[in-house]
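# Examining the three-dimensional arrangement
The residues making up each chain are set out below.
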Amino acid sequence: MSFPWAKEYTPSHPFMKWMDERLPVPRLVYNAVGGGYEVPRNLNYFWNFGFLAGLCLVLQIVTGIVMAMHYAANTEVAFDTIEHTVRDVNWGWLMRYAHANGASAFFVVIYVHIFRGFYFGSYKAPREMVWLLGVVIFLLMMATAFMGYVLPWGQMSFWGAKVITGLFSAIPLVGEPLQQWLLGGFAPDNAALNRFFSLHYLLPFVIVGVVILHIWALHIPGSSNPTGVEVKSESDTVPFYPYYVAKDGWAIGVFAILYCAMVFFAPNYLGHPDNYIPANPMSTPAHIVPEWYFWPFYAILRAFTQDFFFIPAKLMGVLAMFGAILVWFFLPWLDKSPIRSSSYRPLYKKFFWFGLIPTMAVLFYCGGAAAEEPYVMISQIAALYYFAHFLIILPIVSAIEKPKPLPFSITEAVLGKDEDAKLEPSA
Amino acid sequence: MARILSILVGLFFTVALAWSLGLGFYTWATEPAQPTAEHEFHEHPKHVSFASDGPFGTFDKQQLQRGFQVYQQVCAACHALKHVAFRDLEKIGYNEPEVKAIAAQFQIPKYDEMTGMVETVEGTPTDYFPPVMYAGQGSPPDLSLITKARHDGGPYVYSLLTGYQDQPAELLKHFPEAKTPDGLYYNPYFPNLNLAMPAPLMEDMVTYSDGTPATVDQMAKDVSAFLIWTAEPTMDKRKQTGWPILGFLLFATILGYMSYRNIWANKKH
Amino acid sequence: MAEEDGVRRRDFINVAAVSAAGVAGIGVVIPLVSQMSASADVLAASTTEVDISSVQTGQAIKAIFRKQPVFIRNLTQREIDAANAVDAASLRDPQTLEERTKEGKTNWLITMGVCTHLGCVPLGAGEGEPRGEFGGYFCPCHGSHYDTAARIRKGPAPLNLQVPDYEFTSDTVVTIG
């Protein structure tokens, strides 16, 4: 679907016409990210992060394919093949750092993208499907990133694999056999390394597939916008090309500068030194931490230190860690407020800025810190708020809140009252 | 209904957390964690700067060669350098004949297919530094990546090499059980304070070919610099490639911004 | 007039921005392509030393040079004579035995063991292997026959077996590469 005023694709060259009648790929592109896709004119810079996420996915796939050309998934040599790539392969150091930091960049972008969704209520009707597919992408990304981190077969790789698969052993009855099945053995070894490599290569393409669905679902209602008011007329929108191509274009430039600054001048800053020590199944590092992008969830996992009635603490932690993400699936139905943008929700906005955001910051910090007091207690308080926010506060606030008046239309929000809007030449 | 369900689930998690928090707080308040010797006496690496520090830093090849001399004459007895090939030494300023001569000083184990025996032969530039057969206890780590494999790698190695001292009386007073065991040596820069390696450097152990006085401090600094290089021989290239790329990106981004302003010039948003 | 200049300047900026993106694209491709060429360790490991003291007259051995076989044959007088009896000019790839060996070491024929047709390893260096119609090497893949100087005589191969760069570092040791 698109708005009635959206331009239709008209092939200008005879070849494009020929193509359009047989395989209308140019039309598809035109309607997806070209002049045929009408987008609200008032998007702010948070809306650039979807495009950037797509760019990160391509970046990871390209550099990943290169890394795979020089890698061997065997515990005897995996560590050495990566060192060989970095030292002797032409531009190998660049490929390795680009891929490792690319994962971090991807998560930075995706966290901002998710934050945008939370704040501006992008998950609400009629975009629930876009949101659900987005959460699926996030879960797939986490799985891919985790398995990718195992591949260099350093100390953190090995112990990360052991600890994360150990989570599954918390499941009653089937836990132990499940962990053995996941690893193909009693501990991470060749079987695990090989399957992780295989899946690490496969999952990104699955992500591409889900991303296509995500964008498809987005194009049915069209993009949301910072006011949360639906598009009403032609003056509310501009065509994606050239307007948002230009805006995404220079945003890519800013992203590339920050990313390259990391890759070329601080490539190991986000990594852990222990992963430059080859895996040693006989000795656990003093302080096991996952990559930074897992820290909030890792903090939630560790926050459960006591058995709760008949549920062991370990199982509780695992349930909560997965629950912390699974709760996002229910967001469209937990938040029943018809108002999308938090800008018009005075009460929810307070909980968002003074509750959720500090909570996430604290969870990030505590997940990376050692498992000792006071960090455990702090992360318990933060995790407590996290669950309360989504499961208790959000449903209640959305029922009792009195929202601020919404602008009549996007055009009005941008240009002021209707009188001024009329002065604007229509696009 | 959905709302009640979600609140119930929310209560489940929050009450479980409150339970953990309460018990944790009680334990923490009634039985505060005992300080440990490591916690109290471990020290962060000293501040020391290397030519390769910072985004503009490049390796000081003269220093790397001195560092290599220290490695070869002191460290190589126990520590291997398996990811480095002799040919790599050309990158720190040795010429081809010199590299050949250095390689020939090392014995490389080679598997002979005809006899099925492993025999040692003289190294050639394409060989890697050979494994070190260490007869003592424990296994000294390979040093190729040591500065990347420790927090604050270069300063850590330098601090460790220059940090040997007698155990402070204060420590023994508070933690009598943390007395350094026989065969280990006290060093506050080592994570658990006691390590198996005795202080390896002594004044004038090495005679530098460039005439630099071989103080312990100088040797420690030089070998740390060398080990920063072995961990990432491509560092200079990385930084030198980075600057023009950042410059170009800045230029392209400014162009992109101007183009964006252009296109949106008549569109209020 | 001023308006028109403004428009042109704007177009210019857009074109410049797109061009910059194009340059960046090319810049990205360079490392992606060049990472596939031989790495430093492969390029460095390109000489091989072979001890030929045990190769009797009439025998051949195989050595490995750049991950490919090298044939080192100690020619008999009859084989040398047979090679010299041929008019080099009449061959597909005209070369004399002298040109293919080192001075004073004409009996040491050192060639790559890689058929110049499509890269199979010809037979004839190993004990008891067929040596083809011309008594040198025979490639079973597509039937190329090489003579006693390893020159192509019959079959699809376009060139003689390649002679690598080598030198005798002593009477019994050859350094290839």
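Note that the coordinates shown come from a computational prediction; the quantities given were computed from them, not determined experimentally.

Here we take up the overall build of chain A. Regarding its fold elements, chain A presents 17 helices and 2 strands. What you see for chain A is a C-alpha radius of gyration of 24 Å, in line with the 22 Å of a compact globule of 427 residues. Expressed as lengths along the three principal axes of its C-alpha atoms, the size of chain A is roughly 75 × 60 × 40 Å. Counting the 427 residues in chain A, one finds 56% classified as buried. Nonlocal contacts in chain A, meaning residues at least 24 apart in sequence, comprise 80% of its contacts between residues at least 6 apart. As displayed, chain A offers around 18400 Å² of accessible surface, 72% of which is attributable to carbon and sulfur atoms.

On to helix 4 (residues 96–104) of chain B. Residue and element names in this part refer to chain B. Listing the buried residues of helix 4 in full gives Val99, Ile102 and Ala103. Each buried residue of helix 4 sits inside an arc of 100° when the element is viewed along its axis, so together they form one side. At its buried positions, helix 4 is contacted by helix 3 (61–73) and strand 2 (118–122).

Glancing now at the UniProt feature "transmembrane region" (unreviewed entry) in chain C. On the UniProt side, "transmembrane region" (unreviewed entry) is annotated at positions that read residues 12–33 of chain C here. From the first C-alpha to the last, residues 12–33 of chain C spans 31 Å; its make-up is 100% helix and 0% strand.

Below, the discussion takes up the domain arrangement of chain C. Splitting chain C by domain gives domain 1 (1–37) and domain 2 (43–176). For domain 1 of chain C versus domain 2 of chain C, the distance between C-alpha centres works out to 54 Å.

Let us now look at unusual backbone geometry. Cis rather than trans, the peptide bond between Ala125(A) and Pro126(A) has omega equal to 5°. In this model, Tyr241(A) is joined to Pro242(A) through a cis peptide bond whose omega is 5°. Looking at the secondary structure, you find Pro242(A) in helix 10 (residues 240–265). With a phi angle near 75°, Leu193(B) is a residue other than glycine that sits in the positive phi range. Residue placement: Leu193(B) occurs in the loop between strand 3 (185–186) and strand 4 (194–195). For Lys67(C), which is not glycine, the phi dihedral falls at a positive 65°. Here Lys67(C) lies in the loop between strand 2 (60–65) and strand 3 (68–74).

Here, UniProt's "domain: Rieske" (unreviewed entry) annotation points to residues 80–175 of chain C. The distance separating the terminal C-alpha atoms of residues 80–175 of chain C is 23 Å; by composition the span is 5% helix and 24% strand.

Residue and element names in this part refer to chain A. In terms of domain boundaries, chain A breaks down into domain 1 (1–31) and domain 2 (37–423). Computed from C-alpha atoms alone, the centre-to-centre distance between domain 1 and domain 2 is 34 Å. Domain 1 puts 7 residues into the contact, and the matching count from domain 2 is 11 residues. Buried surface at the junction of domain 1 and domain 2, summed over both partners, amounts to about 800 Å²; 59% is from carbon and sulfur atoms. Here domain 1 and domain 2 share 0 salt bridges between them. Joining domain 1 to domain 2, the criterion identifies 1 residue pair in polar contact (both at pLDDT 80 or more). When its residues are assigned to classes, the side of domain 1 that touches domain 2 shows 5 nonpolar, 1 polar and 1 charged.

This paragraph deals with the packing of helix 3 of chain B against helix 7 (residues 216–231) of chain B. In a packed pair of helices, the relevant descriptors are the angle between the two axes and the axis-to-axis distance. Residue and element names in this part refer to chain B. Between helix 3 and helix 7, the least distance of the axes is 7 Å, while the angle of their chain directions is 100°. Comparing the axis directions of helix 3 and helix 7 gives the class roughly perpendicular. Note on element contacts: helix 7 touches helix 3 through Gln218, Met219, Lys221, Asp222, Val223, Ala225, Phe226 and Trp229, opposite Gln63, Leu64, Arg66, Gly67, Phe68, Val70 and Tyr71. Here the residues of the contact of helix 3 with helix 7 sort into 9 nonpolar, 3 polar and 3 charged.

Residue and element names in this part refer to chain C. Most of strand 5 (residues 135–139) is tucked away, with 4 of its 5 residues classed as buried. Here strand 5 runs beside strand 6 (residues 144–147); their pairing, made up of 4 bridges, is antiparallel. Along strand 6, the bridge assignment pairs Phe138 with His145. The turn joining strand 5 and strand 6, which pair antiparallel and follow one another in sequence, is formed by 4 residues; a positive phi near 75° is taken by Gly143.

The partner chain A presents 65 residues to the 57 residues of chain B that form the contact. The three residues of chain B that bury the most area against chain A are Leu17(B), Arg238(B) and Lys267(B), which together make up 12% of that side's buried surface. There are 2 salt bridges connecting chain B and chain A. Close ionic contact of Asp80(A) with Lys82(B) constitutes a salt bridge, the shortest N to O distance being 3.5 Å. In this assembly, chain B and chain A are joined by 17 residue pairs in polar contact (both at pLDDT 80 or more). Those elements giving two or more residues to the side of chain B that touches chain A turn out to be helix 1 (2–30), helix 7 and helix 8 (235–263) of chain B. Per-class residue counts for the side of chain B that touches chain A are 30 nonpolar, 16 polar and 11 charged.

Rules of the game
- Residues numbered from 1 in each chain as written.
- Chains lettered and ligands numbered in written order.
- Predicted model: local features only at pLDDT ≥ 70, side-chain atom pairs only at ≥ 80, totals over all residues.
- Heavy atoms only, no water.
- Helix = DSSP H or I, 4+ residues; strand = E, 2+ residues; numbered from the N terminus.
- Rg over C-alpha atoms; globule rule 2.2 N^0.38 Å.
- Buried < 20%, exposed > 50% of the residue type's maximum accessible area, 1.4 Å probe, protein only.
- Contact = heavy atoms within 4.5 Å.
- Areas by Shrake-Rupley, 256 points an atom, 1.4 Å probe, with all protein chains shown as cover.
- Arc of directions from axis to C-beta.
- UniProt positions renumbered as here; feature names shortened; annotations may be inferred.
- Domains from an automatic or database assignment.
- Buried area = accessible area lost by both parts, 1.4 Å probe.
- Salt bridge = Lys/Arg side-chain N within 4 Å of Asp/Glu carboxyl O.
- Polar contact = N/O pair within 3.5 Å; in protein donor to acceptor, adjacent residues only side chain to side chain.
- Nonpolar A, V, L, I, M, F, W, Y, C, P; charged D, E, K, R; others polar.
- Axes fitted to C-alpha atoms, helices over the stretch in contact; angles between N-to-C directions.
- Parallel < 35°, antiparallel > 145°, perpendicular 65-115°, else oblique.
- Pairing = 2+ DSSP bridges.

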